[in-house]
Number of protein chains: 2
Amino acid sequence: MPIALDAMGGDHAPESVVRGAVLAHKRYPEQRFLFFGDQRELEPLLQHHTARGLWNVSEIVHTEEKVANDAVPSVALRQGKNTSMRLAIDAVKEKRACAVVSAGNTGALMAMSKVVYKTLPGIYRPAICTLFPTLRGDSVLLDLGANIEASADDLFQYAIMGDAFARAVLGLEHPKLGLLNVGSEDIKGHDHLRDAHQVLREKEKELGLNFRGFVEGHEIAEGKVDVVVTDGFTGNVALKTAEGTALMIRSFIRDAFMSSFLAKISWVVARRAINGLKKKLDPRKYNGAMFIGLNGITVKSHGRSDGYAFYHAIKVALELASHRVNEKIIEEIQLSGIAQSNGNGSNGTGKVA
Amino acid sequence: MPIALDAMGGDHAPESVVRGAVLAHKRYPEQRFLFFGDQRELEPLLQHHTARGLWNVSEIVHTEEKVANDAVPSVALRQGKNTSMRLAIDAVKEKRACAVVSAGNTGALMAMSKVVYKTLPGIYRPAICTLFPTLRGDSVLLDLGANIEASADDLFQYAIMGDAFARAVLGLEHPKLGLLNVGSEDIKGHDHLRDAHQVLREKEKELGLNFRGFVEGHEIAEGKVDVVVTDGFTGNVALKTAEGTALMIRSFIRDAFMSSFLAKISWVVARRAINGLKKKLDPRKYNGAMFIGLNGITVKSHGRSDGYAFYHAIKVALELASHRVNEKIIEEIQLSGIAQSNGNGSNGTGKVA
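Below, the structure is looked at part by part. Given the structure is predicted, the values throughout are model-derived calculations rather than measurements. (Residues numbered from 1 in each chain as written. Chains lettered and ligands numbered in written order. Predicted model: local features only at pLDDT ≥ 70, side-chain atom pairs only at ≥ 80, totals over all residues. Heavy atoms only, no water.)

1. Here's the deal with the overall build of chain A
The helix and strand inventory of chain A stands at 13 helices and 11 strands. Expected size for 353 residues packed as a compact globule is a radius of gyration near 20 Å; at 21 Å, chain A falls within 12% of this value. C-alpha extents for chain A along the principal axes are approximately 65 × 60 × 35 Å. Looking at chain A as a whole, 60% of its 353 residues are labelled buried. Of the contacts made within chain A by residues no fewer than 6 positions apart, 73% connect residues no fewer than 24 positions apart. Side chains of chain A give 43 positive and 40 negative charges; the mean places of these two sets differ by 6 Å. (Helix = DSSP H or I, 4+ residues; strand = E, 2+ residues; numbered from the N terminus. Rg over C-alpha atoms; globule rule 2.2 N^0.38 Å. Buried < 20%, exposed > 50% of the residue type's maximum accessible area, 1.4 Å probe, protein only. Contact = heavy atoms within 4.5 Å. Lys, Arg positive; Asp, Glu negative; His and termini not counted. Charge placed at Lys NZ, Arg CZ, Asp CG, Glu CD.)

2. Re the sheet that holds strand E11 (residues 298-300) of chain A
All names here are of chain A. With mixed pairing, 11 strands are arranged side by side in an open sheet as E3-E2-E1-E4-E11-E10-E5-E6-E9-E7-E8. Only two strands of the sheet have a single partner each, and these edge strands are strand E3 (58-62) and strand E8 (210-215). Neighbour-to-neighbour, the strand axes of the sheet open up by a mean angle of 25°, direction not taken into account. Note: strand E1 (residues 3-6) against strand E4 (residues 100-102), two bridges, orientation parallel. Residue pairing for E4: Ala 4 is matched across the bridge by Val 100. (Pairing = 2+ DSSP bridges. Axes fitted to C-alpha atoms, helices over the stretch in contact; angles between N-to-C directions.)

3. Things to note about the packing of helix H11 (residues 261-280) of chain A against helix H11 (residues 261-280) of chain B
At a closest axis distance of 8 Å, the pairing of H11 of chain A and H11 of chain B adopts a crossing angle of 135°. Classified by the interaxial angle, the pair formed by H11 of chain A and H11 of chain B is oblique. Of the two elements, H11 of chain A crosses H11 of chain B, and the hand of that crossing is left-handed. Touching Leu 262, Ala 263, Ser 266, Val 269, Ala 270, Arg 272, Ala 273 and Ile 274 of chain A of H11 of chain A are Leu 262, Ala 263, Ser 266, Val 269, Ala 270, Arg 272, Ala 273 and Ile 274 of chain B, all from H11 of chain B. (Parallel < 35°, antiparallel > 145°, perpendicular 65-115°, else oblique. Left-handed = near helix turned anticlockwise from the far one by under 90°.)

4. Things to note about a nonpolar patch on the surface
A cluster of nonpolar side chains, contributed by Val 268 and Val 269 of chain A together with Val 268 and Val 269 of chain B, occupies part of the molecular surface with about 310 Å² of accessible area. Within the residue set of the nonpolar patch, elements represented by two or more residues are H11 of chain A together with H11 of chain B. On the secondary structure map, Val 268 of chain A appears in helix H11. (Patch = residues over 30% accessible without salt bridge, like charges linked within 9 Å, V, L, I, M, F, W, Y side chains within 5 Å. Areas by Shrake-Rupley, 256 points an atom, 1.4 Å probe, with all protein chains shown as cover. Salt bridge = Lys/Arg side-chain N within 4 Å of Asp/Glu carboxyl O.)

5. Concerning empty space enclosed by the protein
Enumeration over the complete set of coordinates arrives at one cavity of 30 Å³ or more. Within this model, the largest cavity holds a volume of roughly 30 Å³. What lines the largest cavity is Leu 155, Leu 180, His 190, His 192, Leu 193, Thr 230 and Asp 231 of chain A together with Phe 233 of chain B. When its residues are assigned to classes, the lining of the largest cavity shows four nonpolar, three polar and one charged. (1 Å grid on protein atoms, 1.4 Å probe; cavity = no way out; pocket = protein on both sides within 12 Å on 5 of 7 lines; lining within 4 Å. Points joined across faces, edges and corners; volume = space filled by probe spheres on them. Nonpolar A, V, L, I, M, F, W, Y, C, P; charged D, E, K, R; others polar.)

6. Thoughts on the sheet that holds strand E10 (residues 289-292) of chain B
Strands belonging to one sheet form pairs held by backbone hydrogen bonds; the direction of such a pair is parallel or antiparallel. Residue and element names in this part refer to chain B. Taken in spatial order, the 11 strands make up an open sheet running E3-E2-E1-E4-E11-E10-E5-E6-E9-E7-E8, and their pairing is mixed. Each having just a single partner strand, strand E3 (58-62) and strand E8 (210-215) make up the two edges of the open sheet. When strand polarity is set aside, the average angle formed by the axes of neighbouring strands in this sheet is 25°. Across two bridges, E10 lies against strand E11 (residues 298-300) in antiparallel orientation. Residue Met 290 lies in a different strand from E11, and its bridge partner there is Val 299. Lying over the sheet, helix H5 (residues 84-93) contacts strand E1 (3-6), strand E2 (33-37) and strand E4 (100-102), oriented at roughly 145° with respect to E2.

7. Here we look at the interface of chain A and chain B
The interface is formed by 58 residues belonging to chain A together with 58 residues belonging to chain B. Summing the contributions of chain A and of chain B, the shared interface buries around 5,000 Å²; its carbon and sulfur component is 74%. Three residues stand out in chain A for area buried against chain B, namely His 190, Phe 233 and Phe 252 of chain A, and they jointly supply 13% of the buried area on that side. On inspection of chain A and its partner chain B, the count reaches two salt bridges. Of the charged contacts in the structure, one is a salt bridge between Lys 240 of chain B and Glu 216 of chain A, with a shortest N-O distance of 2.3 Å. Our enumeration of links across chain A and chain B arrives at six residue pairs in polar contact (both at pLDDT 80 or more). Among the elements of the structure, helix H6 (106-117), strand E5 (127-134), helix H9 (217-222), helix H10 (232-258) and H11 of chain A are those that each provide at least two residues to the side of chain A that touches chain B. When residues of the side of chain A that touches chain B are assigned to their parent elements, the largest contribution, 19 residues, is made by H10 of chain A. (Buried area = accessible area lost by both parts, 1.4 Å probe. Polar contact = N/O pair within 3.5 Å; in protein donor to acceptor, adjacent residues only side chain to side chain.)

8. Overview of unusual backbone geometry
A cis geometry characterises the amide bond from Ala 13 of chain A onward to Pro 14 of chain A, with omega recorded as 0°. Residue placement: Pro 14 of chain A occurs in the loop between E1 and helix H1 (15-27). In the segment running from Leu 142 of chain B into Asp 143 of chain B, the intervening peptide bond is cis, with an omega of 0°. By the secondary structure assignment, Asp 143 of chain B is in the loop between strand E6 (137-142) and helix H7 (152-169). Look at Lys 118 of chain A: it is not a glycine, yet its phi comes out positive at around 65°. For Lys 118 of chain A, the location among the structural elements is in the loop between H6 and E5.

9. So, H11 of chain B
Relative to the 28 Å expected for 20 residues at 1.5 Å per residue, H11 of chain B spans 28 Å between its end C-alpha atoms, a close match to the ideal helical length. The largest bend in H11 of chain B is about 60°, located at Ala 270 of chain B. Along H11 of chain B, the residues that are buried comprise Ala 263, Ser 266, Ala 270, Ala 273, Ile 274 and Leu 277 of chain B. The inward-facing, buried residues of H11 of chain B abut H10 and H11 of chain A together with helix H10 (232-258) of chain B. (Expected span 1.5 Å × (residues − 1). Bend = angle between axes of the 7 residues up to and from the residue.)

In structure tokens, the structure reads:
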């Protein structure tokens, strides 16, 4: 099934979207692409000699409307039915595409995905989920801010969703799961964290989860677990704090090598090693956050994505789709018995897009 | 007034405590030191030729009891009245010392300090407060976990306390204050954060605060503000996440220079620059967290402190004492009108140790 790309979303669209697709086409030559956006802008980009192979597996769905970066989500939702973003999401809903990737307005993308897809049967609330680098390889973090608060049952469902994400994108059979908490002896963490801990302990065998209990902030980058589960407020702060710290150190490294003539000379020699490190921690490689828990796959690419970053978001979307992440979530949610009794999923039958 | 040192607390005590005091004596030659601990262990250390200058300004208060690292705080509180930690805290309470520094059991130190000092008049709850490195110099972060939850009024009081801490330790006249929040458009942050924002806006002029509104996780390391105010859960996660990320990158730098023969050669040349960076981010320089909001100054040194780390904790304590941090907090709390009506401070008169 083709993948839907919102070709008009993001600061460098549509060029970055086409460039990302060119890279994705090299890696997944069989994959087809549906570009949603302005045909007059897209056609020359896709017919350019660098995109020749891609052109043969691509189709453009023309629209002149797009969601503005500063649009209010509720307004975009009501008035944006013909935007490139919305039409791309509709294509997933109507099973004309396996997933959508957009670098556009986050709030609008979340609102539209929620309304069009609905939540998966049994899921209370969707979460935002991404990969990040650790000492022991990549790990998964959720929620990054879909909801600022999370009950014990929400955290339990996030654990199941994170488990499915890690299996799909990282190819792990039994990802290690951890609940983010504080380790001070005085303060044992919020009640709902203790409750979530207990539910996970009770259900881990039945569900085949590899639950490792609580983890602390410094254990995120240590890679103690493959999936770090937390509420959206804490997850958002933790991810951004880690990103800020990495940028700070990068800047200090640059300063250190510019601090004296001798240091500048040493830079010439050390450049190779330092650039290897820079490549390893390139934030573009960690681009692509999934709105997980919805009855369809939406991957958010960073608004400032270039082609290389957008390619990584496409890769995440394709891995999620091909590994049928949503089917896995539904199975585990049903097994767990922790699900909404009324089920506000799109059809309530467990059928997924 | 002398400073009280719990000479028996911490993994490397009493050697690390004496070594830290030797360094502090060099920097503050007029300062007197009260060592609480086993005289038979302390005397040889203090009479060693490396401590000769220190010996002249030191006094030992002998006790054979100490708080175990794994002691339960409530038990230490009841049964530990003759421990080195408790006697050192009592000395501050009784105005025989200006502040106490301990690398011992955190929970016990917090519990004893609370019970002996009581909270400052008008303060609801104490917080834990420390310095951390940013792109624009050092900043202050609180709460780090004294309380996992914080109301709007607590956050407002933390802002006042962080402001006083920054003025004392960083020597800033008008520290920039920020409330930690998430920036997603969908989720505008907890209600109590918005309420705290409003109170700070209302009171900033009257109190002479330099309030800069909300900050996000990545802005912590950017040094956008001098004081980052948050609840103890989020602060604990943010600080530990930043520490973990810094350690991860340090490990990656080491790997990068060990990755090949050529890289190893380049290390010989680059070592100087990298070691300069290592020195700049040395976590020992950021050792020393204050239990702020109590009617006496307690500074917690890391349990694994060596002498150099312990010296930095002493430095924090002396700066806080000499800049009369608690007097400043009381003044602002009284001005703000946001204070407990009954005042559970130790005396309720605004007099502080």
